[in-house]
Amino acid sequence: MKIITELTLAELTAELKAMGEPSFRAKQIHEWIYRKNAASWDAMSNISKDLRQKCAEKWKFTSVEECESVKSSDGTEKLLLKLHDGELIEMVIIPAEKRITFCLSTQVGCPVGCLFCASGRNGLTRNLAMHEIIGEFQTGCAKTGRLPDNIVFMGIGEGLLNYENLLSAIERLTENEYFGMGVRRITVSTSGFVPGMLKLAERQQELNLAISLHAPNDEIRSKIIPGKISYPISEIMEAADVYREKCNRMVTLEYTLLDGINDSPDAASALAEIARKHHAKVNLIPYNDTGSDFKRPSDKKINKFEQIIDRAGVAVSVRRERGSDRAGACGQLRHQRS
Ligand code: SF4
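To keep things clear, this report deals only with the structure shown in the data block. Bear in mind that the values here come from a model prediction, so they are computed numbers and not experimental data.

### Let's talk about helix H10 (residues 299-311)
Here's step 1: With 13 residues, H10 should reach 18 Å at 1.5 Å per residue; the first-to-last C-alpha distance of 18 Å fits that figure.
Here's step 2: Along H10, the positions that sit buried rather than exposed are Ile302, Phe305, Ile308 and Ile309. Along the long axis of H10, the arc covered by the buried residues comes to 130°, so they all point the same way. Relative to its buried face, H10 has exposed residues pointing more than 90 degrees away, namely Lys300 and Arg311.
Here's step 3: Against the buried residues of H10 lie strand E12 (252-257), helix H9 (265-277), strand E13 (281-286) and strand E14 (316-318).
Here's step 4: Note on H10: the residue one or two positions beyond its end, Gly313, has a positive phi of about 85°.

Here it is, written out as structure tokens:
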């Protein structure tokens, strides 16, 4: 059975016409889905029960089902979502002051297999379909009662290895006819999958791009990200330059700080040099325990690392992992169930 969000407005209009419904009916249903954040067919109060029933027999409203929710003391809510084939993914709702950010997954598992990450531990199971990515988003909207201010594709998976479905989902999220979110409010994260970065750059859209660099040189990087899908830093940064020039967006270098691995003052200087040369910002993420052998550096080391980058004139921020008091880092909720 198809999912209703797989249909375009034109397709929905044609389908309802064939069911003998007037053309405005499609618009009403469309509005419930894309403007009023309906969570089910039942929510559509101006649609007759009979028609809702007929629609429910023809199309599923969503392809994801919430099966666990864990709220942290800082308000971050991690949701474990079940897909039609029983596979599990995670999404996270991150509230901050007046803003809400959704962190969405793009794959079931991840083929990149960064050694510090629970999501990549068992490799890739499959890509998410466009409607499953949208299903994550709708679950977040139903929970919060509104659209988020920002979306980051930093959940489970390497989004650029699921390029077509990710981009179809982004079209649904940004086109005025659908959810109508601003392109600049969306960040795509990549582990440095160069062909995907170059393909995305060709679109010349103002999507934000975050590159999970995690190391200032290839030697250290190979200790964190195994070789399967990993590209040399020089190639990644060349692709970052192309992206910046074509899309007019400064890229962000994500850097997970791992004690004794990539957190030395020399590493900070080398990272600052890369960022300066390529006009990038740096976002430091002190490691959050995922049950691997890595450790989080002391606060003193984290502060020193940040200071070195800051003094080199590079914009730097430290992201304290949200929701770390419950269910830990990205992928852990899912990992606990597998
Ligand atoms: S950190 Fe990201 S790219 Fe690396 S294994 Fe985890 S989900 Fe995949």
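### Thoughts on the sheet that holds strand E11 (residues 208-212)
Here's step 1: The strand order across the open sheet formed by ten strands is E3-E4-E5-E6-E9-E10-E11-E12-E13-E14, and the pairing between neighbours is mixed. Whereas interior strands pair on both sides, the edge strands pair on one side only; in this sheet they are strand E3 (65-71) and E14. Across the sheet, the mean angle from the axis of one strand to that of its neighbour is 20°, orientation sign disregarded.
Here's step 2: In the sheet, E11 pairs with E12 via three bridges, with the strands oriented parallel. Bridge pairing in E12 places Ala210 opposite Thr252.
Here's step 3: Packing against the sheet, helix H5 (residues 163-174) makes contact with strand E9 (150-153) and strand E10 (186-190), and its axis sits at approximately 170° to E10.
Here's step 4: Where H9 meets the sheet, it contacts E12 and E13, and its direction lies at approximately 170° from that of E12.

Calculation notes
Residues numbered from 1 in each chain as written. Predicted model: local features only at pLDDT ≥ 70, side-chain atom pairs only at ≥ 80, totals over all residues. Heavy atoms only, no water. Helix = DSSP H or I, 4+ residues; strand = E, 2+ residues; numbered from the N terminus. Expected span 1.5 Å × (residues − 1). Buried < 20%, exposed > 50% of the residue type's maximum accessible area, 1.4 Å probe, protein only. Arc of directions from axis to C-beta. Contact = heavy atoms within 4.5 Å. Pairing = 2+ DSSP bridges. Axes fitted to C-alpha atoms, helices over the stretch in contact; angles between N-to-C directions.

Scope: geometric values only; no functional claims are made or implied.
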